[in-house]
Amino acid sequence: MSGVKLLTVSEDEGEQRLDRWFKRRFPQITQGAVEKMCRTGQVRVDGARAKGSDRIIPGQTIRVPPLPDSEAPSRPKPDGVSAADTKMIQDCVIFKDEHMIVLNKPPGLPSQGGSGQGDRHVDGLTEALKFGYKDRPKLVHRLDKDTSGVLMLARTDRVARALSEALRHRNTRKIYWAVVAGVPNPRKGSIKYGLMKAPGHGKRGEGEKMICVHPAKMDEFPDAKRAHTDFFTLWFLGTRLSWMALEPVTGRTHQLRAHMAEIGHPILGDGKYGGGEQENLGDGWGASIGGDLSRKLHLHARMLTVEHPITKKLMTFTAPLPDHMARTWKTLDWKENDVPADPFEVFK
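Per an unreviewed UniProt entry, the protein carries the name Pseudouridine synthase and comes from Paragemmobacter straminiformis. As stated in UniProt under Sequence similarities (unreviewed entry), the record for the protein gives "Belongs to the pseudouridine synthase RluA family."

**Considerations on unusual backbone geometry**
For the bond from Asn185 to Pro186, the omega torsion is 5 degrees, close enough to zero to count as cis. The residue Pro186 is located in the loop between β11 (172-181) and β12 (188-191) in this model. Unusually for a residue other than glycine, Asp46 sits at a positive phi of about 50 degrees. With respect to the helices, strands and loops of the structure, Asp46 is situated in the loop between β3 (44-45) and β4 (48-49). The phi angle at His254 is positive, at roughly 55 degrees, despite the residue not being glycine. Checked against the element boundaries, His254 lands in the loop between β16 (241-248) and α5 (255-262). For His254, a relative accessible area of 11% translates into the label buried.

**Things to note about the pattern of salt bridges**
Going through the model one piece at a time under the given rule, you end up with 13 salt bridges. Linking Asp91 and Lys87 is a salt bridge whose minimum nitrogen-to-oxygen distance equals 2.8 Å. Residue Asp91 and its partner Lys87 are located together in helix α3 (residues 83-91), separated by four residues, close to a single helical turn. Judged by relative accessible area, which is 54%, Lys87 ranks as exposed. One salt bridge in this structure joins Arg257 and Asp270, with 2.9 Å as the shortest N-O distance.

**Quick look at the environment of Leu18**
Secondary-structure assignment places Leu18 in helix α1 (residues 18-25). What makes Leu18 buried here is its relative accessible area of 0%. Distance from Leu18 to Arg55, taken between C-alpha atoms, is 5.9 Å for residues 37 residues apart in sequence. In this structure Leu18 touches Cys38, Val43, Val45, Ala50, Lys51, Gly52, Asp54, Ile56 and Ile62, once residues within four positions along its chain are discounted.

**With respect to the packing of α1 against helix α2 (residues 31-39)**
Packing of α1 against α2 leaves a shortest axis separation of 10 Å and a crossing angle of 125 degrees. In this view, α1 runs oblique relative to α2, as classed from their interaxial angle. Here the hand of the crossing between α1 and α2 comes out right-handed. Contacts from Leu18, Asp19, Phe22 and Lys23 in α1 reach Gln31, Val34, Met37 and Cys38 in α2. Considered class by class, the residues forming the contact of α1 with α2 number five nonpolar, one polar and two charged.

Rules used throughout
Residues numbered from 1 in each chain as written. Predicted model: local features only at pLDDT ≥ 70, side-chain atom pairs only at ≥ 80, totals over all residues. Heavy atoms only, no water. UniProt positions renumbered as here; feature names shortened; annotations may be inferred. Helix = DSSP H or I, 4+ residues; strand = E, 2+ residues; numbered from the N terminus. Buried < 20%, exposed > 50% of the residue type's maximum accessible area, 1.4 Å probe, protein only. Salt bridge = Lys/Arg side-chain N within 4 Å of Asp/Glu carboxyl O. Contact = heavy atoms within 4.5 Å. Axes fitted to C-alpha atoms, helices over the stretch in contact; angles between N-to-C directions. Parallel < 35°, antiparallel > 145°, perpendicular 65-115°, else oblique. Left-handed = near helix turned anticlockwise from the far one by under 90°. Nonpolar A, V, L, I, M, F, W, Y, C, P; charged D, E, K, R; others polar.

Here you go:
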């Protein structure tokens, strides 16, 4: 075990997430271990407690607690990725060049490891995405475990920093598709409730759930972060269900799920925020057509537009629907090509 260290973020390391800096410096440490050390205050940035998702910049001092030596990692790592997982993750690739890789992440596969996520996740399968390169590609952003769709990886640290910068300064467009309970009124608009973590860590995942805070009350909740979602109703079935396009202007945890639930239209299959069939009995939408559809979360990162970090060309990536959502579209006789790819641009 090494002792406590105070390390300075170098200029070469640039601006990045604390957990990514940590894992590059100490590859023997798991994502879950990094999150636990942050949660318990063992890791500090300039003397203050920090979260793994916090951004660090060159010149900051990071307190690193005693760690296992690299020769003796805290948990054994597999030598490689199974043939089945290799095929699965390579089949998810919708674009790749010498700088970046874009996946259509399947639902049920976490982006990274962590509390309760297990050992099988995109980050742990990147060995199968090297395609002849020496280094594994690096995640640039994340999707919730049960959310499918467009997910970017960078093949070099330089590209990772450039794509992270583009995401942070909103030089990107993200459009998600979702099926929600009911029909929003008005049919398009913006949701600007702040978001904060629910207290506790109970069996029902209270500590992983986000609570909405009215914009006028943000000053009363110092832990709340401002959040902004634009929505557009693409199609609807009577008063039961709606096909929504959602654009997260900010990128908070569970933002789309919490925001849609807050306005009374939870996403189909989202048991955490009230979109599960069991939460909509009696005369509600789940008692009829909802009961015939998949119970899986109906949230899909459909489209992402981003400036290529090297060529500077504006690129748009579109991910086909996962199987359970494709079956829903077939059941409801919804056609993907019947709606504009970017309704927010078409109907300004």
